Amino acid sequence: MTITTHAPFEAKIDEIDAAPIDALESLSDELDQLMMREEIDHLDAQIVALVRRRVEITRRAGLARVGAGLPEVTRHAEMGVLRRFEAQLGRDGVSLGMLLIRLGRTGLPGRGK
Ligand SMILES: O=C(O)C(=O)C[C@]1(C(=O)O)C=C[C@@H](O)C=C1
């Protein structure tokens, strides 16, 4: 079970409760920023989990190919990945796709090949 604490929010809400009316706008902006920060952190954690999962699956696919006597790498599939990333994200998408493909080849730090 994951326990999430919202201490920064609670502290901010207490501050808003106690604030004079003319300070409310800037306090509410700070609250928006805290909420956005929390969402960004949450998205980053999801991205990391997805990258880990992708590495695991692509390594398994590579090992299966080797087990079947095929090359570990399939350039055709890699080009398809890069084209899809480019279509969605442009040139930086290609860089991101290459990074993901490379992580699949090298494995994650501390986990061996
Ligand atoms: O699509 C596959 O078959 C994969 O193994 C995945 C993947 C990738 O990272 O996208 C990994 C290695 C291959 O060379 C091609 C593509």
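What you see as residue numbers is a count from 1 along each chain, following the sequence as written. Thresholds applied to this predicted model are a pLDDT of at least 70 for local features of residues and 80 or more for the giving and counting of side-chain atom pairs; totals over whole chains, interfaces and linings are not thresholded and use all residues. Note that the side-chain values use all heavy atoms of the structure and ignore hydrogens as well as water.

1. A look at helix α3 (residues 75-106)
Helix length check: α3 (32 residues) gives 16 Å between terminal C-alpha atoms against 46 Å at 1.5 Å per residue, more than 12% under. Residue Leu89 marks the point of greatest curvature in α3, where the axis turns by about 145°. Here α3 has its buried residues at Glu78, Gly80, Val81, Leu82, Gly93, Gly97, Leu100, Ile101 and Gly104. Going along the chain from the N terminus, every DSSP run of H or I of four or more residues is numbered as a helix, and every run of E of two or more is numbered as a strand. Directly after α3, the chain includes Gly107, whose backbone phi takes a positive value near 85°. Each helix should span, by expectation, one fewer than its residue count multiplied by 1.5 Å. We define the bend at any residue as the angle between the axes fitted to the seven residues before and including it, ending there, and the seven starting there. For each residue, the accessible area found with a 1.4 Å probe, counting protein chains only, is set against the maximum for its type, and the residue is called buried under 20%, exposed over 50%, and partly exposed in between.

2. Focus on the UniProt feature "domain: Chorismate mutase" (unreviewed entry) in the chain
Under the feature "domain: Chorismate mutase" (unreviewed entry), the UniProt entry names residues 36-88. Structurally, residues 36-88 is divided into 87% helix and 0% strand, and its ends, taken at the C-alpha atoms, are 24 Å apart. UniProt positions are given in the numbering used here, feature names are shortened, and annotations may be inferred rather than shown by experiment.

3. Quick look at the layout of surface pockets
Considered as a void within the structure, the largest pocket measures approximately 350 Å³ in volume. Lining of the largest pocket is provided by 17 residues; of these, Thr58, Gly62, Arg65, Glu72 and Glu78 occupy positions nearest its centre. Looking at the lining of the largest pocket element by element, the count peaks at seven residues for helix α2 (residues 24-67). Its residues assigned to classes, the lining of the largest pocket comprises six nonpolar, four polar and seven charged. A cavity here means a set of points on a 1 Å grid, drawn over the protein atoms and nothing else, where a 1.4 Å probe fits but cannot get out; a pocket is an open set with protein on both sides within 12 Å along at least five of seven lines, and a residue lines either one if it has an atom within 4 Å of a point. Grid points are joined across faces, edges and corners, and a volume is the space filled by probe spheres set on the points. Three categories are distinguished: nonpolar for Ala, Val, Leu, Ile, Met, Phe, Trp, Tyr, Cys and Pro, charged for Asp, Glu, Lys and Arg, and polar for the others, with Gly belonging to the last.

4. Regarding the site of the ligand
Lining the immediate surroundings of the ligand are Arg54, Thr58, Ala61, Arg65, Val73, Thr74, Ala77, Glu78, Val81 and Ile101. Any pair of nitrogen or oxygen atoms within 3.5 Å is treated as a polar contact; in protein, a donor-acceptor pairing is required on top of that, and neighbouring residues in sequence qualify only through side-chain atoms on both sides. In the environment of the ligand, an oxygen atom lies 2.8 Å from a nitrogen or oxygen atom belonging to the side chain of Arg54. Contact distances for the ligand include 2.6 Å between an oxygen atom and a side-chain N or O atom of Glu78. Accessible surface area values rest on a Shrake-Rupley calculation with a 1.4 Å probe, where residue burial reflects the displayed protein chains alone. Out of a free accessible area of 360 Å², the ligand has 81% covered by protein chains. The site holding the ligand turns out to be the largest pocket. Counting only elements with at least two residues in the shell around the ligand, the list comes to α2 and α3. Residue composition of the shell around the ligand, grouped by class: five nonpolar, two polar and three charged. We call a residue near a molecule or strand as soon as one heavy atom of that residue lies within 4 Å of the molecule or strand. Any molecule with more than half of its atoms within 2 Å of a cavity's or pocket's grid points is regarded as sitting in that cavity or pocket.

5. A closer look at the packing of α2 against α3
Axis definition: a line fitted to C-alpha atoms, limited for helices to the stretch in contact. Angles are taken between N-to-C directions and run from 0 to 180 degrees. Across the interface, α2 lies against α3 with an axial gap of 10 Å and an inter-helix angle of 65°. The crossing of α2 and α3 is right-handed. Contacts between α2 and α3 involve Val51, Arg54, Val55, Thr58 and Arg59 from the former and Val81, Leu100, Ile101, Leu103, Gly104, Arg105 and Thr106 from the latter. Along the lines of polarity and charge, the residues of the contact of α2 with α3 split into six nonpolar, three polar and three charged. For any helix crossing, the convention is left-handed if the near helix is rotated counterclockwise from the far helix by under a right angle, and right-handed if that rotation is clockwise. Should any heavy atoms of two residues lie within 4.5 Å, those residues are counted as being in contact.

6. A short note on the environment of Gln33
Here Gln33 lies in helix α2. By relative accessible area, Gln33 is classed as exposed at 52%. For the pair formed by Gln33 and Ala23, sequence separation is ten residues and the distance between their alpha carbons is 16 Å.

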